[in-house]
Amino acid sequence: MFYLLSLLNGVLITIMIVFNGGLTEVYGIYSATVIIHIAGLTVIAALVLIRRENPFARIYPWFLYLGGGVGVMTTVFNNLSFGRISVSAILALSLLGQSVAGLIVDQYGLLGMTRHPFQRRKLVGLSVVLTGIVFMITQLEVVAVILSFLAGFCIVAARTLTAKLAERTSVRTGTLYNYMIGLSVSLLALLLLGRGEVVWSEFAFSPNWYIYLGGVVGVCVVLLSNVTVLRVSAFYLNLLTFVGQIFSGVLLDAVLSGAFSSRILIGGVLVSIGLCVDLVMDKKRYAPVTVDAE
């Protein structure tokens, strides 16, 4: 079930990117990030109130609250890469960063996560995954490549920190802190870097009301991440989420713009095959051994 939830999360992330992209076109990178966090914070705060939770009852280690701030860095890195390399390259390089970060987290059990030592037999599936990633990259620009790769690291760090906080509090409270810290960092970024954006001169609501739903979808993404990240290894969680993103992205492109990229589709299929190979190997490894009674 948790594998399916990870796939669903990938689909939701794709939808969120579409909404957030429309918002960024209207208001700019930093203003859009603030609006996204305001919408998300409003929704999750309402859920916390309905459940009558007290998110401020206890204080936890300070680093557990950093998930929302690191998540803002992910958004900024991705937005800075747009226009320099293709969207498929951004997704592929982000996956590569997530995969490397996930392997490190699994290998050493960083941030209190369960250790999943790397097995050489996984190299078969991993090589197919990497082939799929390379197949999806059509152009290179050094700065954008580095930023997209680092965005993958930020995704793993933000997701893990928020999930560990949610483990000590609740899924809703962990998500609430994610948006509270994220909004604070977004406002600071807007004040320092977004002084030239349209929100400072004239603010008007767009008739395309759906672009404001990115923060709401983002809440669902964080909630699902809080549920799955502690039950699925970081490496598989990254790949499953990516598979959900790729195939839903290809479908959305075909529906919204009539564009279809066979290269992205083939790359996504290769990533899926590599993932399935490793999953089957793991299933065989941990399968119970039965002994025939004589």
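Computed from a prediction, not measured in an experiment: that's the story for all the values here.

1. Things to note about the overall build of the protein
A count of helical and extended segments in the protein gives ten helices and zero strands. The N-to-C order of helical and strand elements in the protein reads α-α-α-α-α-α-α-α-α-α. For the protein, with 294 residues in total, the buried portion stands at 49%. Across the protein, every contact between residues at least 6 apart in sequence was considered, and the portion connecting residues at least 24 apart equals 87%. Taken as a whole, the protein presents about 15,000 Å² of accessible surface, with 69% of it coming from carbon and sulfur.

2. Focus: the packing of aromatic side chains
Pairs of aromatic rings are described using the distance from one ring centre to the other and the angle between the two planes. Following the criterion strictly, the structure yields eight aromatic pairs and no others. Every member of this aromatic cluster is reached through a ring pair, and the members are Phe19, Trp209 and Tyr210. Here arginine 195 stacks its cationic end above the ring of tryptophan 200, 4.3 Å away from the centre of that ring.

3. Regarding the nonpolar core
One recurring pattern in soluble globular proteins is that nonpolar side chains are buried together. Formed by 25 residues in total, the largest nonpolar core has its most connected members in Ile133 and Val271. Those elements that provide at least two residues to this core are helix H4 (87-108), helix H5 (123-136), helix H6 (142-168), helix H9 (234-256) and helix H10 (262-285). Here the element with the most residues in this core is H9; it accounts for eight residues. Here isoleucine 133 is in contact with Ala92, Leu95, Leu96 and Val271, once residues within four sequence places are set aside.

4. Considering the environment of alanine 151
Inspection of the secondary structure puts alanine 151 in helix H6. Note on alanine 151: relative accessible area 0%, which makes it buried. Residues alanine 151 and leucine 91 lie 60 residues apart in sequence; the distance between their C-alpha atoms is 9.8 Å. The residues touching alanine 151, leaving out its near neighbours within four places in the chain, are Thr74, Phe77, Asn78 and Ser94.

5. Details of the environment of glycine 22
Relative to the helices and strands, glycine 22 resides in helix H1 (residues 2-27). With 188 residues separating them in the primary sequence, glycine 22 and tyrosine 210 have C-alpha atoms 8.9 Å apart.

6. Considerations on the confidence of the model for the protein
Per-residue pLDDT for the protein averages 80, and the proportion of residues at 70 or more is 88%. Note on residues 286-294: pLDDT is under 50 here. Beyond four places in sequence and across chains, it has zero contacts.

7. Describing helix H8 (residues 214-228)
Here H8 is 15 residues long and its end C-alpha atoms lie 21 Å apart, about the 21 Å a rise of 1.5 Å per residue gives. Counting buried positions along H8 yields twelve of 15 residues, so the element is predominantly enclosed. Within H8 the residues assigned to the buried category are Gly214, Gly215, Val217, Gly218, Val219, Val221, Val222, Leu223, Leu224, Ser225, Asn226 and Thr228.

8. A short note on the pattern of salt bridges
Following the criterion strictly, the structure yields two salt bridges and no others. Across the salt bridge formed by arginine 172 and glutamate 53, the nearest N and O atoms sit 2.5 Å from each other. With a gap of 119 residues between them, arginine 172 in helix H7 (residues 171-193) and glutamate 53 in the loop between helix H2 (29-50) and helix H3 (67-81) connect regions that are remote in the sequence. The partner of glutamate 167 in a salt bridge is lysine 164, with the nearest N and O atoms 3.0 Å apart. Residue glutamate 167 and its partner lysine 164 are both found in helix H6; the two are separated by three residues, about one turn of the helix. Accessibility expressed as a relative area gives 13% for lysine 164, which makes it buried.

9. Here's the deal with the packing of H6 against H7
Put simply, H6 and H7 touch, their axes get as near as 7 Å, and they point 135° apart. Judged by the inter-axis angle, H6 sits oblique to H7. For the element pair H6 and H7, the recorded crossing hand is right-handed. Between H6 and H7, the contacting residues are Thr162, Leu165 and Ala166 on the first element and Val171, Gly174, Tyr177 and Asn178 on the second.

Each value, and the rule that gives it
- Residues numbered from 1 in each chain as written.
- Predicted model: local features only at pLDDT ≥ 70, side-chain atom pairs only at ≥ 80, totals over all residues.
- Heavy atoms only, no water.
- Helix = DSSP H or I, 4+ residues; strand = E, 2+ residues; numbered from the N terminus.
- Buried < 20%, exposed > 50% of the residue type's maximum accessible area, 1.4 Å probe, protein only.
- Contact = heavy atoms within 4.5 Å.
- Areas by Shrake-Rupley, 256 points an atom, 1.4 Å probe, with all protein chains shown as cover.
- Phe/Tyr/Trp six-rings, centres within 6.5 Å; stacked < 30°, edge-to-face > 60°.
- Lys NZ or Arg CZ within 6 Å of the ring centre and 35° of its normal.
- Core = buried A, V, L, I, M, F, W, Y, C linked by side-chain atoms within 4.5 Å.
- pLDDT = per-residue confidence, 0-100.
- Expected span 1.5 Å × (residues − 1).
- Salt bridge = Lys/Arg side-chain N within 4 Å of Asp/Glu carboxyl O.
- Axes fitted to C-alpha atoms, helices over the stretch in contact; angles between N-to-C directions.
- Parallel < 35°, antiparallel > 145°, perpendicular 65-115°, else oblique.
- Left-handed = near helix turned anticlockwise from the far one by under 90°.

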